[in-house]
Amino acid sequence: MKLTSLPLPAAALLGVCLFAVTTLAQDPPPARAGRPHPPAPKPTNLKILPKTLTGDQVMDIMHGWEKQLGVECDTCHAIDPNKKRPNGRPALNFPDDSKPEKETARQMVKMTMELNQNYTSRVESKQNNEAAAKEVSCGTCHRGHFDPPAFAAPKDEEHEQEHEREGADKSQAQR
Ligand code: HEC
Ligand code: HEC
C-alpha cells in the first residue's frame, strides 16, 4: 500500500497515521494467481484503521496480521450463521464486533501506532534514516504466535560463554 494509491487530499489528511498503518501490513500477500477477483467491499466498521482505506487495502493488512500472529481470520472474526461460502464452509461476518479478540486487536493496533509515532521514531538511529524495517509491527512482539512466547533470558553461564565466543570472533577478525 502506498500513499500514492490514495486520492491526494485523503493521503495528506492521513499523513502520519497511514505511515504507521503501512507498517502494520508488513507482508502484503502475493498477487492472487488465476482469474482476477472482484474488489473487496468497502469496510463499514473501521474504528482504528483510517476509514478511507479501500476494501483491498484492509485485506492486505489483514493478511499481514494473519502471518505475524500465526492465526486465521476466524480467530478475530465471528461466524455468520446465516451465510455459507461457495465451498460450503461457514462465512465470516467481518464488520461484526462480537469476538473479544477483535477488540483486543484494535487496542493492539492503537498501541503499535503509538509506539511508532511517539517512541521508536524518536530513537536517534531512526532519525538518521536507518531502514524503515525497524518499525514496530505486530510481528515484532508476536513472532508468528497468537500468545507471544515469554522471552527467557540466557542463564549466567550461557551469557558468559556467549561473550567469550564473541570476543574470540573479534580477535580472529583483527588478525
Ligand atoms: C488479530 C485479529 C484479526 C485477524 C486475524 C483478522 N482480522 Fe480482520 N479485522 C480485525 C479488526 C480489529 C478489524 C477492525 C479494524 C478497525 O476497527 O479499524 C478488522 C476488520 C476487517 C474487515 C473490515 C470489516 C468492516 O466492514 O469494517 C475485513 C473485511 C476483515 N477484517 C477481513 C479479515 C480477513 C479476510 C482476515 C483473514 C485473512 C482477517 N480479517 C483477519 C482483526 C482481525
Ligand atoms: C509491544 C509488543 C506487542 C505488539 C507490537 C503487538 N502485540 Fe499483541 N500482544 C502482546 C502481548 C504481550 C500479548 C499477550 C497478552 C497476554 O495474553 O498476556 C498480546 C496479545 C494479543 C492478542 C490477544 C491474544 C489472546 O490470547 O487473546 C491479540 C488479538 C493481539 N495481541 C493482536 C495484535 C495485533 C493485531 C498487533 C499488531 C497490530 C499486535 N498484537 C501487536 C504484545 C504485542
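One can find the structure itself at the top, above this paragraph.
Participant: Before we go on, may I ask you to explain helix 3 (residues 100–119) in this structure?
Facilitator: Here helix 3 contains 20 residues, and its C-alpha end-to-end distance of 28 Å stays within 8% of the 28 Å for a straight helix at 1.5 Å per residue. Along helix 3, the positions that sit buried rather than exposed are Thr112, Met113 and Asn116. Buried residues of helix 3 fall within an arc of 95° about the axis and therefore sit on the same side. Relative to its buried face, helix 3 has exposed residues pointing more than 90 degrees away, namely Pro100, Thr104, Gln107, Met111, Glu114, Asn118 and Tyr119.

Participant: Would you take a moment to explain the site of ligand 1 for this structure?
Facilitator: Near ligand 1 lie 25 residues; those nearest to it are Asn45, Leu49, Met62, Cys73 and Cys76. For the shell around ligand 1, the secondary-structure elements that each account for two or more residues are helix 2 (55–69) and helix 3. With seven residues, the top contributor of residues to the shell around ligand 1 is helix 2. Taken together, the residues of the shell around ligand 1 break down into 15 nonpolar, five polar and five charged.

Participant: Would you mind showing me how to read the site of ligand 2 here?
Facilitator: Surrounding ligand 2, one finds 17 residues, the nearest of these being Thr104, Ala105, Met108, Cys138 and Cys141. Within the residue set of the shell around ligand 2, elements represented by two or more residues are helix 2, helix 3 and helix 5 (138–142). Residue contributions to the shell around ligand 2 peak at six residues, all from helix 3. When grouped by side-chain class, the residues that make up the shell around ligand 2 number 11 nonpolar, four polar and two charged.

Participant: Please explain the environment of Gln68 as it appears in this structure.
Facilitator: Structurally, Gln68 can be placed in helix 2. Residues Gln68 and Arg143, 75 residues apart in the sequence, show an inter-C-alpha distance of 6.1 Å.

Participant: Explanation requested: the environment of Thr112 in the structure shown.
Facilitator: With respect to the secondary-structure elements, Thr112 resides in helix 3. Under the C-beta neighbour-count criterion, Thr112 is labelled buried, with 21 such atoms within 10 Å.

Participant: Can you walk me through unusual backbone geometry in this structure?
Facilitator: Excluding glycine, most residues fall at negative phi; most peptide bonds, likewise, are trans. Phi is positive for Arg143, which is not a glycine, with a value near 50°. With respect to the helices and strands, the residue Arg143 is situated in the loop between helix 5 and helix 6 (156–174). According to the C-beta neighbour criterion, Arg143 is partly exposed, with 13 such atoms within 10 Å.

Participant: Where do I start with the pairing of strand 1 (residues 79–84) in this structure?
Facilitator: Where a strand is regular, its side chains alternate between the two sheet faces. Little of strand 1 sits out of view: just zero of its six residues are buried. Of the strand pairs in this sheet, strand 1 and strand 2 (residues 90–92) are connected by three bridges, and their pairing is antiparallel. When the bridges of strand 2 are listed, Lys84 appears paired with Pro90. Remark: five residues form the turn of the hairpin made by strand 1 and strand 2, two consecutive strands paired antiparallel; Gly88 in that turn has positive phi of roughly 90°.

Rules behind the numbers
- Residues numbered from 1 in each chain as written.
- Chains lettered and ligands numbered in written order.
- Predicted model: local features only at pLDDT ≥ 70, side-chain atom pairs only at ≥ 80, totals over all residues.
- Helix = DSSP H or I, 4+ residues; strand = E, 2+ residues; numbered from the N terminus.
- Expected span 1.5 Å × (residues − 1).
- Buried ≥ 20, exposed ≤ 12 C-beta atoms within 10 Å, placed from the backbone.
- Arc of directions from axis to C-beta.
- Near = placed C-beta within 6 Å.
- Nonpolar A, V, L, I, M, F, W, Y, C, P; charged D, E, K, R; others polar.
- Pairing = 2+ DSSP bridges.

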